[in-house]
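Here is what each chain is made of, one letter per residue.
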Amino acid sequence: MTTTTDTSRKALVAVCLGFALIQLDATIVNVALPTVQRDLGGSTAALQWILNGYTVALAAALLTAGSIADRIGARRVFLVGLAIFAVGSAACAAAPDVGLLIAARVLQGLGAAALLPTSLALIVHQFPDREARARALGVWGGIASLGLTAGPVLGGVIAQYASWRVIFLVNVPVVLLTWRLIVGSVTETPRRDKAPVDVAGLVLGVVALAGLVAGFIDMGRPELLGIGIVGVLALCVVEFRSAHPMIPPTLFRVRAFSAGTGVGLIFNFCLYGTLLCLSLLLQQVRHETVLQAGLELLPMTVVVGAGALCSGRLTARFGSRLPMIAGLSCGAAGALLLASTGSVLAGSMLLGLCSLAMPAMTAVVVGAAPDDRAGLASGVLNASRQSGGALGVAVLGSLFGHSLGGPLLVVAFAYIAGIVLTSVATRRP
């Protein structure tokens, strides 16, 4: 006979598996990019779009996915996302050229957009008790962070001993396992009244983010950056005037919510951008193999996973402020150590402790929103995070000139800005 505790554990494992897949595929291709280039060709900008095609699609569709999950149920949207993600992964593995690989990565990103906000909404639903929810968020964040930073290691091993195409094929059996666990252990979330999907907001969100990312990747074409900026301004105008906005402005009137989503953007900006720069340094400057580069990043992977798991317990006991400030401070110190000494082992491990901030940051944002807007709140947070990741790859990748100095100084200042925002988000009224 299956107990409630067993069912809750299976539900948590299922949701975490889906979230880990999303995070893993954001970074698993990093160290394999030179191998992909040798096989399919393509410019450096094309390689950046192999990463950012996924991230931009993920960030742009997150808000709509979170809003739809609130209307028709997070479990249903999660299952649809799994199916789309599996199809996109198979298409990536079969891609005959760079253009189709980027297109398949976009499809993956759309599937991931359905998974990310619903995973958080399902945890909020399955664990209504505050302390149990904080511990569950710690596990969720730990497994997700492990997926994020294990990407370079697994990608290196697979690319070295098999093929970069296998990197995408391994997603399919994991999706099937996750589907089975979700169907057997996760209950549906309450549904809100149906409202029209904000199509204008969705389109402008895509234009804004794609324009900003393209502008930073191709610094010689400022008109792309201009398109992104105009898209941001237009999105703000449309959302304030819309009767059913994709991003309700009222949410941002809550100080903790606004500052918490800002910390989320900074978190992924720093982590995604740093991982790309480290991969480029190890392979293009130090001429290490794809496997050596992946293994050199392994200690950072372990630290990131451990930090996120500890954060859940710390948040349950002390609240969000302590782990957030501690994590962001370690990130800043690690970035400065990398920039000044070039020591990948020590610097990346210290920077990896930034993961202390992730589950705590999530608890702040979810706690600041009404329970019936959990899907949308998580969508806003994760859209902010994934936008930060896309911008981090574009900005720091463009600044990388065979040295970590410039990009990592930017990372250090960004973490310091995150500490300031954390003070705002967690300040008592």
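It should be noted that the structure appears before, not after, this text.
These figures come from a predicted structure and were not determined experimentally.

(A) Quick peek at the overall build of the protein. Summing up its helical and strand segments, the protein has 18 helices and 0 strands in all. Against the globule reference of 22 Å for 429 residues, the protein gives a C-alpha radius of gyration of 20 Å, in line with a compact fold. With the principal axes as the frame, the protein shows a C-alpha extent of 55 × 50 × 45 Å. Counting only residues that meet the buried cut, the protein has 58% of its 429 residues in that class. Intrachain contacts of the protein at a sequence separation of at least 6 include 84% that bridge at least 24 residues. Counting every atom, the protein has about 16,200 Å² of accessible surface; 68% of that belongs to carbon and sulfur.

(B) A look at the environment of histidine 244. Relative to the helices and strands, histidine 244 resides in the loop between α10 (222-241) and α11 (255-285). Histidine 244 sits in the partly exposed class, given a relative accessible area of 38%. Between the alpha carbons of histidine 244 and valine 203 there is a distance of 15 Å; along the sequence they are 41 residues apart.

(C) Spatial organisation of helix α13 (residues 298-318). The end-to-end C-alpha distance of α13 is 30 Å, a good match for the 30 Å that 21 residues give at a rise of 1.5 Å each. Every buried residue belonging to α13 is among Met300, Thr301, Val303, Val304, Gly305, Gly307, Ala308, Ser311, Gly312, Thr315 and Ala316, and all of these are buried. The positive-phi residue at the C-terminal boundary of α13 is glycine 319, with phi of around 95°.

(D) Local environment of the packing of α11 against helix α18 (residues 405-425). The geometry of α11 relative to α18 is characterised by a closest axis approach of 9 Å and an angle of 160° between their N-to-C directions. The angle between α11 and α18 falls in the class roughly antiparallel. The hand of the α11/α18 crossing is left-handed. Only Pro407, Leu408, Val410, Val411, Ala414, Tyr415, Ala417, Gly418, Leu421, Thr422, Val424 and Ala425 of α18 make contact with α11, whose side of the interface consists of Arg255, Ala256, Ala259, Gly260, Gly262, Val263, Ile266, Phe269, Cys270, Leu271, Thr274 and Cys277. Grouping the amino acids of the contact of α11 with α18 by side-chain chemistry returns 18 nonpolar, 5 polar and 1 charged.

(E) The pattern of salt bridges, seen in detail. In total, this model carries 1 salt bridge according to the counting rule given. A salt bridge links arginine 165 to aspartate 39; the nearest nitrogen and oxygen atoms lie 4.0 Å apart. Residue arginine 165 is located in the loop between α6 (130-161) and α7 (166-169), and its partner aspartate 39 is located in helix α2 (residues 33-40); the two are separated by 126 residues in the primary sequence. The class for arginine 165 is partly exposed, based on a relative accessible area of 23%. We classify aspartate 39 as partly exposed; its relative accessible area is 44%.

(F) Structural context of the layout of surface pockets. The calculated volume of the largest pocket comes to roughly 660 Å³. In this structure, the largest pocket is lined by 25 residues; those nearest its centre are Leu63, Val232, Leu235, Ile247 and Ser387. Only α3 (44-72), α9 (199-217), α10, α11 and α17 (374-399) provide two or more residues apiece to the lining of the largest pocket. Each residue belonging to the lining of the largest pocket can be placed in one class, and the counts come to 18 nonpolar, 6 polar and 1 charged.

(G) Empty space enclosed by the protein, seen in detail. For the coordinates displayed, the defined rule picks out 2 cavities of 30 Å³ or more. Roughly 50 Å³ of volume is contained in the largest cavity. As for the largest cavity, its lining consists of Thr64, Ser67, Ile68, Arg71, Pro196, Val197, Asp198, His244, Pro245 and Met246. The class makeup of the residues in the lining of the largest cavity is 5 nonpolar, 3 polar and 2 charged. Space inside the second largest cavity adds up to approximately 40 Å³. Forming the boundary of the second largest cavity are Ala26, Thr27, Asn30, Leu51, Thr55, Tyr272 and Val393. Classifying every residue of the lining of the second largest cavity by side-chain character gives 4 nonpolar, 3 polar and no charged.

(H) How the structure looks around the nonpolar core. Ranked by size, the top nonpolar core spans 130 residues in total, and within it Ile50, Leu101 and Leu351 carry the most contacts. Considering each element in turn, this core owes the most residues, 16 residues, to α11. In contact with leucine 351, not counting residues within four places along its chain, are Leu271, Thr274, Met300, Cys330, Gly331, Gly334, Ala335, Leu338, Leu408, Val411 and Tyr415.

(I) Molecular detail of the packing of aromatic side chains. All chains considered together, the criterion is met by 2 aromatic pairs. Summarising the aromatic geometry, the rings of phenylalanine 252 and phenylalanine 257 are spaced 5.3 Å apart at their centres and angled 80° between planes, so their arrangement reads as edge-to-face. Note on phenylalanine 252: relative accessible area 34%, which makes it partly exposed. With a relative accessible area of 0%, phenylalanine 257 lands in the buried category.

(J) Representation of the side chain of threonine 178. Along the chain, the position of threonine 178 falls in helix α8 (residues 171-185). In this structure threonine 178 touches Ala14, Leu17, Gly18, Phe78 and Leu82, once residues within four positions along its chain are discounted.

(K) Structural view of the environment of proline 190. You can see proline 190 is positioned in the loop between α8 and α9. Residues in contact with proline 190, not counting those within four places in the same chain, are Asp70 and His125.

Calculation criteria
Residues numbered from 1 in each chain as written. Predicted model: local features only at pLDDT ≥ 70, side-chain atom pairs only at ≥ 80, totals over all residues. Heavy atoms only, no water. Helix = DSSP H or I, 4+ residues; strand = E, 2+ residues; numbered from the N terminus. Rg over C-alpha atoms; globule rule 2.2 N^0.38 Å. Buried < 20%, exposed > 50% of the residue type's maximum accessible area, 1.4 Å probe, protein only. Contact = heavy atoms within 4.5 Å. Areas by Shrake-Rupley, 256 points an atom, 1.4 Å probe, with all protein chains shown as cover. Expected span 1.5 Å × (residues − 1). Axes fitted to C-alpha atoms, helices over the stretch in contact; angles between N-to-C directions. Parallel < 35°, antiparallel > 145°, perpendicular 65-115°, else oblique. Left-handed = near helix turned anticlockwise from the far one by under 90°. Nonpolar A, V, L, I, M, F, W, Y, C, P; charged D, E, K, R; others polar. Salt bridge = Lys/Arg side-chain N within 4 Å of Asp/Glu carboxyl O. 1 Å grid on protein atoms, 1.4 Å probe; cavity = no way out; pocket = protein on both sides within 12 Å on 5 of 7 lines; lining within 4 Å. Points joined across faces, edges and corners; volume = space filled by probe spheres on them. Core = buried A, V, L, I, M, F, W, Y, C linked by side-chain atoms within 4.5 Å. Phe/Tyr/Trp six-rings, centres within 6.5 Å; stacked < 30°, edge-to-face > 60°.

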